[in-house]
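Listed here are the chains, written in short residue letters.
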There are 2 protein chains.
Amino acid sequence: MTGTDRSQLSTAPARGPVVILTHPQMGENIGAAARAMLNCGVSELRIVNPRDGWPNERAEAMSAGALAAMPPVQVYATTEDAISDLNFIYATTARPRDMVKQVMTARSAAADMRARESRGERIGLLFGAERSGLVNEDIALSGAVITIPLNPGFASLNLGQAVLLVTYEWMMAGDRTADTLTVGDSFPATQASMTELYRRLEEELEDRGFFRARDMKPTIIRNLRSMLVRAGMTDQEVKTFHGIISALIGKKMK
Amino acid sequence: MTGTDRSQLSTAPARGPVVILTHPQMGENIGAAARAMLNCGVSELRIVNPRDGWPNERAEAMSAGALAAMPPVQVYATTEDAISDLNFIYATTARPRDMVKQVMTARSAAADMRARESRGERIGLLFGAERSGLVNEDIALSGAVITIPLNPGFASLNLGQAVLLVTYEWMMAGDRTADTLTVGDSFPATQASMTELYRRLEEELEDRGFFRARDMKPTIIRNLRSMLVRAGMTDQEVKTFHGIISALIGKKMK
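Residues numbered from 1 in each chain as written. Chains lettered and ligands numbered in written order. Predicted model: local features only at pLDDT ≥ 70, side-chain atom pairs only at ≥ 80, totals over all residues. Heavy atoms only, no water.

Notes on the overall build of chain A
Part 1 of the argument: The helix and strand inventory of chain A stands at 10 helices and 8 strands.
Part 2 of the argument: By the burial criterion, 49% of the 254 residues in chain A qualify as buried.
Part 3 of the argument: Nonlocal contacts in chain A, meaning residues at least 24 apart in sequence, comprise 82% of its contacts between residues at least 6 apart.
Part 4 of the argument: When the accessible surface of chain A is totalled, it reaches about 12700 Å², and 52% of it is carbon and sulfur. (Helix = DSSP H or I, 4+ residues; strand = E, 2+ residues; numbered from the N terminus. Buried < 20%, exposed > 50% of the residue type's maximum accessible area, 1.4 Å probe, protein only. Contact = heavy atoms within 4.5 Å. Areas by Shrake-Rupley, 256 points an atom, 1.4 Å probe, with all protein chains shown as cover.)

Concerning the domain arrangement of chain A
Part 1 of the argument: When the domains of chain A are assigned, the result is domain 1 (13–173) and domain 2 (191–248).
Part 2 of the argument: Relative to domain 2 of chain A, the C-alpha centre of domain 1 of chain A lies at a distance of 57 Å. (Domains from an automatic or database assignment.)

Structural notes on helix H5 (residues 106–118) of chain B
An α-helical turn contains 3.6 residues, so a residue and the one three or four places further along point in the same direction.
Part 1 of the argument: Spanning 13 residues, H5 of chain B covers 18 Å between terminal C-alpha atoms, matching the ideal 18 Å at 1.5 Å per step.
Part 2 of the argument: Buried within H5 of chain B we find Ala-106, Arg-107, Ser-108, Ala-109, Ala-110, Asp-112, Met-113 and Arg-116 of chain B. (Expected span 1.5 Å × (residues − 1).)

Observations concerning the nonpolar core
Part 1 of the argument: Among the nonpolar cores identified, the biggest contains 88 residues, and Leu-45 and Tyr-90 of chain A together with Leu-45 and Tyr-90 of chain B are the most heavily contacted of them.
Part 2 of the argument: In this view, Tyr-90 of chain B contacts Met-104, Ala-109, Asp-112, Met-113, Arg-116, Ile-123, Gly-124, Leu-125, Leu-126, Ser-142, Ala-144 and Ile-146 of chain B; residues no more than four positions away in its chain are not counted. (Core = buried A, V, L, I, M, F, W, Y, C linked by side-chain atoms within 4.5 Å.)

A closer look at the pattern of salt bridges
Part 1 of the argument: What the rule picks out here adds up to 30 salt bridges over all chains.
Part 2 of the argument: Of the charged contacts, one joins Glu-169 of chain A and Arg-107 of chain B as a salt bridge, the two residues approaching to 2.9 Å between their closest N and O atoms. A residue pair is termed interchain when its members come from two chains, as with Glu-169 of chain A in helix H7 (residues 159–173) and Arg-107 of chain B in helix H5.
Part 3 of the argument: Overall, the relative accessible area of 1% leaves Glu-169 of chain A in the buried class. (Salt bridge = Lys/Arg side-chain N within 4 Å of Asp/Glu carboxyl O.)

Re the side chain of Thr-22 of chain A
Residues and elements named next belong to chain A.
Part 1 of the argument: Note on placement: Thr-22 falls in strand S1 (residues 18–22).
Part 2 of the argument: What makes Thr-22 buried here is its relative accessible area of 2%.
Part 3 of the argument: Sequence-distant contacts of Thr-22, that is, excluding residues within four places in its chain, are made with Val-48, Thr-79, Leu-126, Phe-127, Gly-128, Ala-129, Leu-134 and Asp-138.

What to know about unusual backbone geometry
Residue and element names in this part refer to chain A.
Part 1 of the argument: Backbone torsion omega between Trp-54 and Pro-55 reads 0°, so that peptide bond is classified as cis.
Part 2 of the argument: Among the secondary structure elements, Pro-55 is positioned in the loop between strand S2 (44–48) and helix H2 (57–62).
Part 3 of the argument: At Asn-49, a residue that is not glycine, the phi angle is positive and equals roughly 55°.
Part 4 of the argument: Mapping Asn-49 onto the fold places it in the loop between S2 and H2.
Part 5 of the argument: In this structure, Ala-64 takes a positive phi of about 55° despite not being glycine.
Part 6 of the argument: Within the secondary structure, Ala-64 is located in the loop between H2 and helix H3 (66–69).

A look at the packing of aromatic side chains
Part 1 of the argument: The final tally for this structure, using the stated rule, is 4 aromatic pairs over all chains.
Part 2 of the argument: Centre to centre, the rings of Phe-88 of chain A and Tyr-90 of chain A are 5.0 Å apart; their planes meet at 65°, and the pair counts as edge-to-face. As far as burial versus exposure is concerned, Phe-88 of chain A and Tyr-90 of chain A are alike and both buried.
Part 3 of the argument: Where Phe-210 of chain B meets Phe-211 of chain B, the ring centres are 5.2 Å apart and the plane angle is 85°; that geometry is what we call edge-to-face.
Part 4 of the argument: Taking NZ or CZ as reference, Lys-217 of chain A lies 5.1 Å from the ring centre of Phe-211 of chain A, over its face. (Phe/Tyr/Trp six-rings, centres within 6.5 Å; stacked < 30°, edge-to-face > 60°. Lys NZ or Arg CZ within 6 Å of the ring centre and 35° of its normal.)

Quick word on the packing of helix H8 (residues 191–207) of chain A against helix H10 (residues 235–248) of chain A
All names here are of chain A.
Part 1 of the argument: Remark: H8 packs on H10, axes separated minimally by 10 Å, with the N-to-C direction vectors making an angle of 10°. With respect to H10, the element H8 is oriented roughly parallel. Packed against H8, whose contacting residues are Ser-193, Met-194, Glu-196, Leu-197, Arg-200, Leu-201 and Glu-204, the element H10 presents Asp-235, Val-238, Phe-241, His-242, Ile-245 and Ser-246 at the interface.
Part 2 of the argument: The residue makeup of the contact of H8 with H10, split by class, is 6 nonpolar, 3 polar and 4 charged. (Axes fitted to C-alpha atoms, helices over the stretch in contact; angles between N-to-C directions. Parallel < 35°, antiparallel > 145°, perpendicular 65-115°, else oblique. Nonpolar A, V, L, I, M, F, W, Y, C, P; charged D, E, K, R; others polar.)

Here we look at the environment of Pro-50 of chain B
All names here are of chain B.
Part 1 of the argument: Relative to the helices and strands, Pro-50 resides in the loop between strand S2 (44–48) and helix H2 (57–62).
Part 2 of the argument: Between the C-alpha atom of Pro-50 and that of Gly-27, which follows or precedes it by 23 residues, the distance is 8.6 Å.
Part 3 of the argument: Once residues within four sequence positions are removed from consideration, Pro-50 is found in contact with Pro-24 and Val-75.

Structural notes on the environment of Ser-108 of chain A
Residue and element names in this part refer to chain A.
Part 1 of the argument: Tracing the sequence through the fold places Ser-108 in helix H5 (residues 106–118).
Part 2 of the argument: By relative accessible area, which is 11% here, Ser-108 ends up buried.
Part 3 of the argument: A C-alpha to C-alpha distance of 45 Å links Ser-108 and Gln-236, two positions 128 residues apart in sequence.

Some thoughts on the pairing of strand S4 (residues 88–92) of chain A
Residue and element names in this part refer to chain A.
Part 1 of the argument: With 5 of 5 residues buried, S4 lies mostly within the body of the structure.
Part 2 of the argument: Burial along S4 is two-sided: the residues Phe-88, Tyr-90 and Thr-92 and Ile-89 and Ala-91 are all buried.
Part 3 of the argument: With 5 bridges joining them, S4 and strand S6 (residues 123–127) adopt parallel strand pairing. Each residue of the ladder has a partner; that of Phe-88, found in S6, is Ile-123.
Part 4 of the argument: For S4 and strand S7 (residues 144–146), the ladder comprises 3 bridges, and the chain directions are parallel. Residue Ala-91 lies in a different strand from S7, and its bridge partner there is Val-145. (Pairing = 2+ DSSP bridges.)

With respect to the confidence of the model for chain A
The predicted coordinates should not be examined in detail at positions where pLDDT is low.
Part 1 of the argument: The predicted model of chain A has a mean per-residue pLDDT of 86, with 87% of residues at 70 or higher.
Part 2 of the argument: Within chain A, the element-level pLDDT minimum falls on strand S8 (residues 182–183) of chain A, averaging 52, and the maximum on S2 of chain A, averaging 98. (pLDDT = per-residue confidence, 0-100.)

As for the state of the cysteines
Part 1 of the argument: Applying the stated criterion across every chain, the model contains 0 disulfides over all chains.
Part 2 of the argument: Cys-40 of chain B supplies the cysteine sulfur nearest to Cys-40 of chain A, a cysteine that is in no disulfide, at a spacing of 14 Å.
Part 3 of the argument: Residue class for Cys-40 of chain A comes out buried when judged on its relative accessible area of 1%. (Disulfide = S-S within 2.5 Å.)

Topic: the pairing of strand S1 (residues 18–22) of chain B
Residues and elements named next belong to chain B.
Part 1 of the argument: Extensive coverage of S1 is indicated by the burial of 5 of its 5 residues.
Part 2 of the argument: Burial of the side chains of S1 extends over both faces: Val-18, Ile-20 and Thr-22 are buried on one face and Val-19 and Leu-21 on the other.
Part 3 of the argument: As judged from the 5 bridges shared by S1 and S2, these two strands associate in the parallel manner. From the neighbouring strand, Leu-21 faces S2, where its bridge partner is Ile-47.
Part 4 of the argument: At this point the chain moves from S1, through helix H1 (residues 27–39), to the parallel S2, and the crossover so formed is right-handed.
Part 5 of the argument: Sheet analysis places S1 next to strand S6 (residues 123–127), joined by 4 bridges and oriented parallel. Residue pairing across strands places Val-18 opposite Gly-124, the latter belonging to S6. (Right-handed = clockwise from strand over helix to strand, strands pointing away.)

Here is the structure:
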């Protein structure tokens with residue numbers, strides 16, 4: 001998926017949820033998380049106690065320009081410090097065993113985030129270390145848990161992928177793109193030119209003895225028209241089709 | 001996100017969409033795509049003309065076991081060969097300029113895929129090379145285009161991430177997980193024990209002169225109860241809270 005419009009690239013304003021990575025190990029994963037965040041219009045990244053320090057060259061490289069386009073990453077010693085100015089925290093983790101917590105799918109959490117943001121709340125998304133995940137102390141600080149429903153036989157999600165799915169759902173919850181089908185750059189032909197095409201095709205076929213089973217002719221015509229209308233041709237395509245008929249019957253092209 | 005249940009891991013049956021990567025360059029990206037697919041319960045991967053041949057060690061490593069758990073990857077020389085047994089193809093790409101195509105978001109495409117599958121159709125998802133994306137000839141073979149609505153200022157998505165979002169939407173379109181909030185492993189306390197807790201707390205506060213502004217007492221009590229009910233305590237937590245009150249008033253713990 002290419003298609004970045006650099007003219008629309010800016011140091012994104014601090015809006016949307018804050019992503020907090022606690023104790024991340026590999027710079028590559030921090031970079032992949034940053035890229036995924038910015039893909040989804042989320043630009044504020046905080047890191048708690050990164051194993052390899054900060055800044056990190058591998059993170060820069062893997063972010064494909066995202067870290068340079070985002071506000072500077074803030075680094076904290078503890079999760080408490082990293083979330084101190086935020087109003088509501090979601091912990092992204094498997095379902096906790098020994099705690100009473102609201103558990104939401106990423107999709108329902110996204111709707112909840114949008115509702116909180118519309119009331120002026122600042123939201124944080126907590127992600128744990130690659131191997132061990134979030135510690136219970138961090139989950140306890142969170143108002144809700146986000147669990148992504150995945151293949152129970154293969155549910156281990158890469159850190160960058162987890163950040164992508166949660167921020168993608170946040171973005172989709174505010175997306176104004178038409179959900180239903182849209183068509184490309186061309187307009188469908190008018191029904192008048194379609195009717196003209198049907199009539200010409202049927203006439204040429206009639207002249208060449210195509211409708212040998214006379215009683216079947218109406219059915220065959222109905223099916224032919226039904227097939228052609230499904231193609232949803234443009235004016236240009238109707239002209240092309242006329243050209244095809246002309247070529248097949250041996251008529252000189254204009 | 002950890003939590004793979006190996007007992008549920010099996011050589012997944014060939015169901016769901018077939019993912020076709022055309023001319024992929026880096027083995028790492030093929031591996032990340034395979035991992036993302038299997039996370040979402042999609043297990044059939046085909047590759048057209050991979051730059052570095054097949055099999056590929058880097059792909060194996062990056063797949064975190066997914067390639068070993070999936071049916072063997074099939075390799076083809078051309079896209080036509082790779083899709084020959086399929087009924088409907090979605091091309092994942094930016095909106096095409098010079099072609100008339102149905103364009104769908106990943107979410108609306110997922111609903112369309114499920115409808116086609118329920119009619120017995122076999123579905124294919126085409127992804128292009130990392131840098132250049134899908135060639136127009138491959139888009140022309142496709143019945144519809146999937147465009148993921150992303151941050152227009154930073155829309156360049158990694159191949160593994162693109163595969164994740166499309167297969168995730170396919171999975172979610174058939175997901176039966178309760179979308180609405182669920183709670184953890186504990187049951188909320190009965191209203192009787194909550195009422196007992198309110199009464200005890202109010203009594204102890206009354207004894208200690210907490211309600212100095214007498215006319216405000218009903219409002220304060222109402223707000224206190226409202227705050228406590230929001231916590232959604234379990235029976236165990238109610239007991240803990242009683243213990244806290246006892247401790248604060250200097251009463252010996254039982």
